[in-house]
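These are the residues of each chain, in order.
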Amino acid sequence: MKAIIAATLIGVIMMFSSIMLQKKSSIHTLIVGLLFVLLGINIWEVYDAHNVMANGAQSFFNNMLSLDSFALWFNLLMTGCTLLYVLLLGKDIARVGSHVGEYFALIAFILVGIYLLSGYNNLLILFIGIEILSIPQYILAGSDKRNLKSSEAALKYFLMGSFSTGILLMGITLLYGATGTFDILGFRMLQTDALNPLALAGIMFLIIGLGFKVSAAPMHMWTPDVYDGSPTPFTAFMSTIVKVGVFVAFLRLFHASFGNLSNHWMLIIAIITALTLLIGNLTAVFQQSVKRMLAYSSIAQAGFMLFAVLSVNATAWQGIIIYAVAYSVASIGVFAVLLKMKDYTYDGFNGLARKEPMLAFFTAIFLFSLAGIPLTGGFMAKYFVLLAAVQQGQVMWLVIFALLMAAVSAFYYFRVIIAMYFKPGTPEFNSEITGYDKLMLGITCLLVILIGVVPQLFLNA
Amino acid sequence: MLTLLIFVPLIAGIFSFLVKGNGAKGLALASSLATLALSAYVAFETGNGPLGFSMPWIPQLGTQFSLQADGMSAMLCLLTGIVMPVVIIANWNKEVERPWSFYGLMLLSQAGITGVFLAYDALLFYFFWELALIPVYFLCSRWGGERRIAVTFKFFVYTFLGSLMMLAGLIYLATLTPGADSYSWANITRAGASLSPENQSWLFWLIFIAFAIKMPIFPFHTWQPDTYEQSPTPVTIILSALMVKMGMFAVVRWLLPVVPSGVAFWTDTVIVLSVIGIVYASLLAIVQTDLKRLVAYSSIAHMGLMCAAAFAHSEVGMHGLMVQMFNHGINITGMWLIVSMVENRWGTRDMSKLGGMATSAPQMSIALLIIAFANIALPLTNGFIGEFMLFNGIFQGASAFSMTYMVVAGVGIILGAVYTLNMVQKTAFGNTVPMQVAKDMTLNESVAMALIVVLVIFLGVYPKPLLELTSGISGAILP
């Protein structure tokens, strides 16, 4: 709870920072400092929950919000990822437009939304969390005001987003009609064998609504355009940290409240997973721009994360944590490199290894991770979610299909590696690559490998 | 001890990226000689029983960092230990672009390959399996021939797909025995054997496909000739002498004992595929004019024979397989060395443009002749003893059609003599073609070649050490 309050305050402070501070660099320093404080508060909370309260969940607002040790741990990791994101891409964020303080304020508010989503106990909080998370994203998507594509992205995102929120709300209402409660644990009284049709319809609406937010096929249509049109630094944020935040909400709802009804929704989620994997991977192959490829690949990665929703067991929770961190860290790394490049097509990367061997090496590791090569975080992430699915049983066909799709994903991730290492050319950069950039990318790269070698460090013990 | 065997090349490989200039070559040689000494010591020690090493790694996943060297592992580590310095010595005078990354990647792949041979934990095995692949992918794509990028990419996607299928199978097996060591060899085999025959039979293909692609077995071989042709010769040696052994080794360690009923069910299918592969590859080898492609197809034929024997379920066949894995590694290394020398001197690998090597480079043609004899398994070369045992094994196999298999595979061997001798004739004899670099073998090439030739003849005359080293294996694998 302290972290939620602190993150809100940070958002408010950042809104005023534009007035108080003249230089962009001092705003950047301020947000970095504040995020460090926030990280400290998160660590304090995790420590508290672990030692003082003996793992008991703390409830707030009449048990509408319940921060258990999983939620706190997830919040801590996501705050860490956000800090890494700001450290890596801070300068690029400042280059998007003139209202730098506001961008950071919006990012802080999104973080509040994620905090709520990881610990909600009540569908109203779920709804509020989704809204707090979404509205700042609409603004961020359109923050490059002079660019038509950015405005298009914002409008499209806003329209589709509010539409999906409406569907989500409809689902919540139907569930309330069936059970008379918003409490997610209250849904456990639903009968498995004689399921109230209202409740069933409600669950379907919730799948569609949440599927929109995590860009699961066939509700993924908005994703490529929005991710491609938004300013790249914000695409990096939206496609990683925000997305996994919504995934945790998805998981929490379907495991905690509808876990025993899984025979009613399992097949639908399985089909959605298969479609997401298929569409995400196959369309990513045909892209010419690396940014657009990353947009489609984020759909494909969502397909893997859906495995965690699909498998109602403890491994799925470990899986989503590892996946969240590994995917966010590696993607942010790739985006950080992409932002340095003038040309976003594959050809823009030609010859990078000769000009900047360190940069190319780090990018290669990030891409290995996204493709799921062992000893990188991405492998462990895929491993955990697929393990959860195998333990669940019933969906072995889907696991094999997912692995086929993982091989397809190697195809487009390796195109970047081929361009960097084996094709001649001289890449052009937007800005000079400083020692600071290399240091930060090196740390990110180290994190990716650390997740891959000792994943237990990132699991909530 | 066993960890050293992996970590010496690993660390030397990483350091090699930091060395500028040609120092990397020296570092690589030093490291590979050190690993040779270590692997010889390990091979000697395993005479008194298997060596093991184990420490906890990721208990949540049920995986341990566990290594074990029995006769088979020690033999293959020794092969790796011998091949690496030979490759480096033979290429000593050849300038490569960016030597630090070239030799660094070579050493990293060596670490991966050794790890595959030693891993006694399925997930660790999978990790090394991939670790060996990635450096080779970079080596081929960067230093290879004209069509290298597309060809190696095909190779990569093929093998990556195979390994993912294997991973699915291994995860499935590991979930059957929960605990902190569910990936250990003992638990995986126990889990596999406890499954119903139907489950085992689909699990068999999930796991086997990875190995079949690596070996490669017909019809999964299509990546191989192109990749061999396009890779730089040192890398081709690693691929053909060592990496295909990974597939063969994996069948013996991670397939035959793991899903015994599945194996029994599919034995005939696999042997038929292998035998088709032998004849098909031999026929294709006859019509090749490019030396590299010829050797590549001949390698498919030899691997087919080994695979057929591995599935024949007979003790002598299994023992022959062990011997032949080593011998094939030695022979094919010699073959590639000759090919690369020819290419360096005459500037072509096209046999129709070659000839008269016996007059202009007599030493080279003697070496070629000896290697060629070993390749067609003439008595008193090392190839003979291995192939004799393999045929014996296929003949004694459990299948009702063993006789047929043996006869058809035997045709393949006759065809083998046709293309090998044809190659000798076209390159060593006939019209003399002027050399571009007029020189017989240089000192470093002679040293490397001499090592190979001595091994070929020594193991042909006195194969006892090799037979003893691997004597216990067949009993341990066949129930």
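Residues numbered from 1 in each chain as written. Chains lettered and ligands numbered in written order. Predicted model: local features only at pLDDT ≥ 70, side-chain atom pairs only at ≥ 80, totals over all residues. Heavy atoms only, no water.

Caption draft 1: Representation of the overall build of chain A in the model. For chain A, the count of helices and strands is 17 helices and two strands. C-alpha atoms of chain A, sized along the principal axes, occupy 65 × 55 × 45 Å. When the 461 residues of chain A are sorted by exposure, 65% land in the buried category. Long-range pairs, those at least 24 residues apart, make up 81% of the contacts in chain A with a sequence separation of at least 6. Only carbon and sulfur atoms are counted for the fraction: they give 69% of the accessible area of chain A, which is about 15500 Å². (Helix = DSSP H or I, 4+ residues; strand = E, 2+ residues; numbered from the N terminus. Buried < 20%, exposed > 50% of the residue type's maximum accessible area, 1.4 Å probe, protein only. Contact = heavy atoms within 4.5 Å. Areas by Shrake-Rupley, 256 points an atom, 1.4 Å probe, with all protein chains shown as cover.)

Caption draft 2: Inspection of the packing of helix H16 (residues 396-422) of chain A against helix H5 (residues 122-143) of chain B at higher detail. Close contact between H16(A) and H5(B) brings their axes to 10 Å; oriented N to C, the two are set at 50 degrees. If you check the angle between H16(A) and H5(B), you find them oblique. Seen along the crossing, H16(A) lies across H5(B) with a hand that is right-handed. Here Phe414(A), Ile417(A), Ile418(A), Tyr421(A) and Phe422(A) of H16(A) come into contact with H5(B), specifically with Tyr137(B), Phe138(B), Ser141(B) and Arg142(B). (Axes fitted to C-alpha atoms, helices over the stretch in contact; angles between N-to-C directions. Parallel < 35°, antiparallel > 145°, perpendicular 65-115°, else oblique. Left-handed = near helix turned anticlockwise from the far one by under 90°.)

Caption draft 3: Examining the packing of aromatic side chains more closely. Scanning the model with the defined rule gives 62 aromatic pairs over all chains in all. Ring centres of Tyr157(A) and Trp222(A) lie 4.9 Å apart, and the angle between their planes is 10 degrees; on these two criteria the pair is classed as stacked. Taken together, the positions of Tyr157(A) in helix H6 (residues 148-179) and Trp222(A) in helix H8 (residues 222-229) put the pair 65 residues apart, joining distant regions of the chain. Under the relative-accessibility criterion, Tyr157(A) is labelled buried at 8%. Note on Tyr137(B) and Phe156(B): the rings are 5.0 Å apart at their centroids and 50 degrees apart in plane angle, and the pair reads as tilted. Of this pair, Tyr137(B) sits in helix H5 while Phe156(B) sits in helix H6 (residues 148-176), placing them 19 residues apart in sequence. (Phe/Tyr/Trp six-rings, centres within 6.5 Å; stacked < 30°, edge-to-face > 60°.)

Caption draft 4: Quick peek at the side chain of Thr35(B). Relative to the helices and strands, Thr35(B) is located in helix H2 (residues 23-45). Beyond its immediate sequence surroundings of up to four residues, Thr35(B) is in contact with Leu5(B), Val8(B), Pro9(B) and Gln110(B).

Caption draft 5: Seen up close, helix H9 (residues 232-257) of chain A. Residues and elements named next belong to chain A. Helix length check: H9 (26 residues) gives 37 Å between terminal C-alpha atoms against 38 Å at 1.5 Å per residue, within 8%. Along its length, H9 shows its largest kink, about 30 degrees, at Lys243. In terms of burial, H9 is a largely internal element, 26 of the 26 residues being buried. (Expected span 1.5 Å × (residues − 1). Bend = angle between axes of the 7 residues up to and from the residue.)

The values are spatial; any link to function lies outside them.
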